[in-house]
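# Examination of the molecular architecture
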Amino acid sequence: MRIKIKYFGMLTEITGHEEEWVDFESKTISQLIEKLSSKYPQLKNMDFQVASGQRITALDNEIDSEEIALLPPFSGG
């Protein structure tokens, strides 16, 4: 499966990308994050949320979209 990963905020600085395509065969969000963390080790220490199909999702959920977004913490104002 080919998945489009979109990075926002400081995550773009860590990865050097606003988005990229990743070939991925596993099923869960946590397995995808594990793969991305091996490519970008700084992600392991980052606090971020994951959206699948424009909805925030839990790490143990299965991937149900071809687009995943990694979102840094937001502050209100």
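Up top you'll find the structure we're talking about.
Residues numbered from 1 in each chain as written. Predicted model: local features only at pLDDT ≥ 70, side-chain atom pairs only at ≥ 80, totals over all residues. Heavy atoms only, no water.

With that settled, consider the sheet that holds strand 1 (residues 2-7). Judged by pairing direction, the sheet is mixed, and its 5 strands sit side by side in the order 2-1-5-3-4 without closing on themselves. Among the strands making up the open sheet, the edge pair consists of strand 2 (19-23) and strand 4 (55-57). Strand-to-strand twist in this sheet, taken as the mean axis angle between neighbours without regard to direction, amounts to 35 degrees. Bridge analysis of strand 1 against strand 2 gives 5 bridges, and the strand direction is antiparallel. The residue of strand 2 that forms the bridge with Arg 2 is Asp 23. Here helix 2 (residues 29-39) sits on the sheet in contact with strand 1, strand 2, strand 3 (49-52), strand 4 and strand 5 (67-71), set at roughly 110 degrees to strand 2. (Pairing = 2+ DSSP bridges. Helix = DSSP H or I, 4+ residues; strand = E, 2+ residues; numbered from the N terminus. Axes fitted to C-alpha atoms, helices over the stretch in contact; angles between N-to-C directions. Contact = heavy atoms within 4.5 Å.)

Turning our eyes to something else, we now look at the side chain of Thr 28. Looking at the secondary structure, you find Thr 28 in the loop between strand 2 and helix 2. Owing to a relative accessible area of 18%, Thr 28 belongs among the buried residues under this scheme. Not counting the four nearest positions on each side in its chain, Thr 28 is found in contact with Leu 59, Asp 60, Asn 61, Glu 62 and Ile 63. (Buried < 20%, exposed > 50% of the residue type's maximum accessible area, 1.4 Å probe, protein only.)

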